[in-house]
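# Observations on the model geometry
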Amino acid sequence: MCGIVGGVTERNIVPILIEGLHRLEYRGYDSAGIAYRTEENVSLVKSLGRVHDLEKKLDKKATSNIGIAHTRWATHGIPSEKNAHPHASNKNIYVAHNGIIENHEDLKSELKSEGFKLYSQTDSEVIGHLIEFYKQRGMDFDSSVMKAISRLKGAFALAVMDKNDPETLIGVRQSSPLVVGEGFDESFLASDIMALSPVTNKFKFLEDGQVVFLSKDKVSICSKDGRAAKVPTKEVDSTAYTNDLSGYNHFMEKEIFEQPESVQSALEGRITNKGTREGIFGAGFEKKLKNIENIQIVACGTSYHAGRIFEYWSHKFLGINCRVDYGSEYQYQEPVKTKKTLLMTISQSGETADTLASLKFAKKTDDPLTLTICNVANSSLCRESEYTLLTNAGPEIGVASTKAFVTQLACLNLLLLTLMQVKGAKPGTIKNIASSLIELPDQLAKTLKMTDTYKAAAKLLFKRHSTLFLGRGLYFPIAREGALKLKEISYIHAEAYPGGELKHGPLAMIDKNMPVIALVPDNEHLDKITSNIEEVAARKGKVITIGPLKKTTLNKDGGHIKIPKTLDLLNPIICVVPLQLISYYTALLKGTDVDKPRNLAKSVTVE
Ligand code: F6R
């Protein structure tokens, strides 16, 4: 979603802001803009489309020591230059905003009656006018911002610049992420550290409701009511935040092929072939787990699918009731209060607004033990949760989630093992699972080698309008993830069904033009999914089967993709690789923008 970058520097800020915008591109956006101070004035340049379109419009000789820039992902108003940020008021105040201002209609009417003219269709434009309004009433820049934000409802991260105060930038964080970067005689603001990693490795992670005042050599922070606040500076290994493709064509491709390494990092130091090590979730977690009788998982998109896998594991290996809800639904389905509950959020970014809102809701209405499985240290979910297990996948830039999903599953398996240990499962069973989990990176690496097979499958799909994915048991959430990947990056309509549901509706869709991808396990579901495949084949549907079985009599036209065999509970994780690569190669054949699929954002920071 939208991205902010800003800074006050001794050196020229303009190239830093442009590089920052490039580094925020992965979040998803449709337009971009920059405002920087010149000798006497402020230069404001905006463009529809990509950051390089904005660059083309910039004065090549532009130099400045203070500026803000933004990538916009449209919520209120179409993608257009007018709606792009920064928004200006009276050529004095410039604002870049992430989030949604819920009371913008009321503020618009008020500002119009005060003589302000609104130029855009956005909810964001009111912010700058409101600040300007208070400035016109005699307040200084700092007080005008403080007064204006007290009037705003909703979620907002802001970077604000005042033409008449050329030394200061103001940032605000309210339910939308914002970090401060500190350098030598320079200070920065950004939506995430990715944007600033070339210029600093020292960051302050603002809390909700905090306001930051930046000058070259000073960073001061206070709460919304003006009380001074101390936020520690953390050093981050910024070498991990590279936006280098390392010879791959797309970040998605790179991230798929990084998966053996990423899973290795997720397991590193956390597991031996006897089970998980104590303390990997944080001190005292195991002791608290002893009392747990219910598990509630909240997540969105791909991360939700990881949760659904854990649900099966929890029932089968722990006998603990586990419920999984979408972040956008959890609080609205009026959850029944439960005692002794582990509330677990799963998220790549740690900033997904729906998941975060659910966690806050659960903490307010109940008293669960909270854990997040997350890829971004210091993210909002990590900070709101009592315990965290980082997936250690490394930054995921491709909008379609790949290595984050597979490492989430590895981490969830660590949780399963820890719970089994705590609840007194047989050491032999634990050992069996632990040693198979340790072998997972090698099996993923083998699966990644079969690219020709996946390319051949993609050829069957890329001219079709629809694809059906089938799975049963643990393979059903994986089928859903396969369908999500295909629709996200190739725009082919894809749906996933449990095999047993086929004759309750979707069979009506099957004809010779409908490819079906069936996930075939080597377990008690084999006979039943075989019958489902026969039902499809009898209606001339083309079936591609994927699974650990060596030979199958069930491949119908589409062929069989054999994946390495491991324990039944881990085999679905290996199955993810063919699904990711089939989607990737299908998208290549269709010529879509793989890393930045239309209409999608990487980090969904609005509800
Ligand atoms: C799919 C995808 C999205 C995310 C979802 C949740 O490829 O990327 O469905 O999984 O937006 O995001 P996180 O995991 O950051 O909470």
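Residues numbered from 1 in each chain as written. Predicted model: local features only at pLDDT ≥ 70, side-chain atom pairs only at ≥ 80, totals over all residues. Heavy atoms only, no water.

### Quick look at the site of the ligand
Taken together, 14 residues sit near the ligand, with S303, S347, Q348, S349 and T352 positioned nearest. Between the ligand and the protein, one listed contact pairs an oxygen atom with a backbone N or O atom of T302 at 3.0 Å. Here the ligand has 410 Å² of accessible area as a free molecule, and 90% of this is covered by the chains. Mapped onto the shell around the ligand, the elements with two or more residues apiece are α9 (301-318) and α15 (475-490). The residue makeup of the shell around the ligand, split by class, is four nonpolar, eight polar and two charged. (Near = heavy atom within 4 Å. Polar contact = N/O pair within 3.5 Å; in protein donor to acceptor, adjacent residues only side chain to side chain. Areas by Shrake-Rupley, 256 points an atom, 1.4 Å probe, with all protein chains shown as cover. Helix = DSSP H or I, 4+ residues; strand = E, 2+ residues; numbered from the N terminus. Nonpolar A, V, L, I, M, F, W, Y, C, P; charged D, E, K, R; others polar.)

### Describing the domain arrangement of the chain
Put simply, an interface is often sized by how much accessible area is lost when its parts join up. For the chain, the assigned domains are domain 1 (3-234), domain 2 (249-447) and domain 3 (450-597). Taking only C-alpha atoms into account, the centre of domain 1 sits 45 Å from that of domain 3. (Domains from an automatic or database assignment.)

### A closer look at the nonpolar core
Of all hydrophobic cores here, the largest spans 88 residues; its most connected members are I295, F310 and M344. Considering each element in turn, this core owes the most residues, 13 residues, to helix α12 (residues 403-422). Inspection of this core shows a minimum of three residues originating in each of domain 2 (249-447) and domain 3 (450-597). Excluding anything up to four places from it in sequence, M344 contacts I295, Q296, I297, V298, F310, L371, I373, L412 and L415. Within the second largest apolar cluster, 33 residues are counted, among which are A62, A195, Y241 and I397. (Core = buried A, V, L, I, M, F, W, Y, C linked by side-chain atoms within 4.5 Å. Buried < 20%, exposed > 50% of the residue type's maximum accessible area, 1.4 Å probe, protein only. Contact = heavy atoms within 4.5 Å.)

### Remarks on the packing of aromatic side chains
Scanning the model with the defined rule gives ten aromatic pairs in all. An angle of 15° between the planes, with centres 3.8 Å apart, marks the rings of Y304 and Y326 as stacked. Remark: Y326 occurs in strand β19 (residues 321-326) and Y304 occurs in helix α9; sequence separation between them is 22 residues. Y326 sits in the partly exposed class, given a relative accessible area of 31%. Through a chain of ring-to-ring contacts, the aromatic side chains of F116, F133 and Y134 assemble into a single cluster. Against the face of Y29 rests R50, its NZ or CZ located 4.9 Å from the ring centre. Here R598 stacks its cationic end above the ring of Y491, 3.8 Å away from the centre of that ring. (Phe/Tyr/Trp six-rings, centres within 6.5 Å; stacked < 30°, edge-to-face > 60°. Lys NZ or Arg CZ within 6 Å of the ring centre and 35° of its normal.)

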